[in-house]
Amino acid sequence: MIGNDIIDLNLIRAQSNWQREGFLQKLFSEEEQTFIQNSEDPELNVWLLWSMKEAVYKAIQRKYQLKRFYNPKQFVCEQVKINPGKARGVVCYKEDVFVINSILFPNMIHTVTGNTEFSLISENKNSRLRLLQKIAEQRGIPLESLNISKDQQGVPFVSYGGDNLQIPFSLSHHGNFSAYAVSLNMS
């Protein structure tokens, strides 16, 4: 079960006013709001927690084959520890607990959860192609035979000759950045 999220901080700063009335209350628990408001960089932590919730949402949607839904308060961020350039924590969703790892850049946040053995961040939108190249190389199959499709719930999957390869991966893009996370244990 893999989920990842990427946030272009320059774009989100231009598009969203996280300080407007009701914004934090709509998305975050009281504990999360306190964490944000008491931090050295509240803006960064708004988007860090948002990214953590998004990554787990993608993993949950894939795990349970759910129809698209999103209620950010159902995803609770806990034990968040921030160090220079990185963050770690857990996100709880019902009975599931996910370990989260984030990389913090001045202009971007990339968050991953799950059994991710390889991920790539790109400053353009070529992550889909790079993911397929990695899978083709790993599986020894022609790149032109691979495709990314979506199931009835909108969850992407990699297909070869029309068959779902059952490869755990997650794609994400926002603004000038895209990323993927994939398990290299593709036996």
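Owing to the predicted nature of the structure, the values given are computational and were not obtained by experimental measurement.

1. So, the pattern of salt bridges
Oppositely charged side chains may form a pair once their charged atoms are brought near each other. Enumeration according to the criterion identifies 3 salt bridges in this entry. For K58, the salt bridge identified is with D5, shortest N-O distance 3.5 Å. You can see K58 sitting in helix α4 (residues 42-64) and its partner D5 sitting in strand β1 (residues 2-8), a full 53 residues away along the chain. Under the relative-accessibility criterion, D5 is labelled buried at 6%. When the shortest N-O distance is used, the salt bridge between K53 and E32 registers 3.0 Å. Of this pair, K53 sits in helix α4 while E32 sits in helix α3 (residues 30-37); the two residues are 21 residues apart in sequence, bridging distant segments of the chain. Take K53 and E32: they sit in the same class, and that class is buried.

2. Quick look at unusual backbone geometry
One non-glycine residue with positive phi stands out, namely Q79, at about 50 degrees. Residue placement: Q79 occurs in strand β2 (residues 75-83).

3. Let's talk about the packing of aromatic side chains
Per the counting criterion, the structure on display carries 3 aromatic pairs. Seen in terms of ring centroids, F23 and W47 are 6.0 Å apart; in terms of plane orientation they differ by 65 degrees. Their pairing is edge-to-face. With a gap of 24 residues between them, F23 in helix α2 (residues 23-27) and W47 in helix α4 connect regions that are remote in the sequence. For W47, a relative accessible area of 4% corresponds to the buried category. Here a set of aromatic residues connected by ring pairs shows up, and it is made of Y57, F75 and Y93.

4. Examining the packing of α3 against α4
Each pair of packed helices can be summarised by the angle the axes make with each other and by the distance between the axes. As a packed pair, α3 and α4 sit with axes 8 Å apart at the nearest point and diverge in direction by 145 degrees. Contacts between α3 and α4 involve E32, F35 and I36 on the former and, on the latter, P42, N45, V46, L49 and K53. Its residues assigned to classes, the contact of α3 with α4 shows 5 nonpolar, 1 polar and 2 charged.

5. Here's the deal with the nonpolar core
Counting 30 residues, the largest nonpolar core has F28, V46, W47, M52 and I109 as its most contacted members. At the level of elements, α1 (9-15), α2, α4, β2, β3 (86-93) and β4 (96-105) are the ones that each hand at least two residues to this core. For this core, the leading source of residues is α4, giving 11 residues. Every residue in contact with F28, bar those within four places of it in the chain, is listed here: Q33, I36, V46, L49, W50, K53 and K73. Counting residues in each nonpolar core, the second largest holds 14 residues, with I148, L165, F169 and L171 among its members.

6. Description of the environment of R88
Within the secondary structure, R88 sits in strand β3. Accessibility expressed as a relative area gives 46% for R88, which makes it partly exposed. Taking the C-alpha atoms as reference points, R88 and V158, separated by 70 residues in sequence, lie 29 Å from one another. R88 has contacts with Q79, V80, K81, V99, I100 and N101, leaving out every residue within four places of it along the chain. A distance of 2.8 Å separates the side chain of R88 from the side chain of N101, its partner in a polar contact.

7. Focus: the side chain of N4
As for its placement among the helices and strands, N4 is situated in strand β1. Polar contacts involving the side chain of N4 include one to the side chain of H110, which spans 2.9 Å. Excluding residues that lie within four positions of it along the chain, N4 makes contacts with A55, K58, H110, T111, V112, S170, L171, S172, A179, Y180 and A181.

About the cut-offs
- Residues numbered from 1 in each chain as written.
- Predicted model: local features only at pLDDT ≥ 70, side-chain atom pairs only at ≥ 80, totals over all residues.
- Heavy atoms only, no water.
- Salt bridge = Lys/Arg side-chain N within 4 Å of Asp/Glu carboxyl O.
- Helix = DSSP H or I, 4+ residues; strand = E, 2+ residues; numbered from the N terminus.
- Buried < 20%, exposed > 50% of the residue type's maximum accessible area, 1.4 Å probe, protein only.
- Phe/Tyr/Trp six-rings, centres within 6.5 Å; stacked < 30°, edge-to-face > 60°.
- Axes fitted to C-alpha atoms, helices over the stretch in contact; angles between N-to-C directions.
- Contact = heavy atoms within 4.5 Å.
- Nonpolar A, V, L, I, M, F, W, Y, C, P; charged D, E, K, R; others polar.
- Core = buried A, V, L, I, M, F, W, Y, C linked by side-chain atoms within 4.5 Å.
- Polar contact = N/O pair within 3.5 Å; in protein donor to acceptor, adjacent residues only side chain to side chain.

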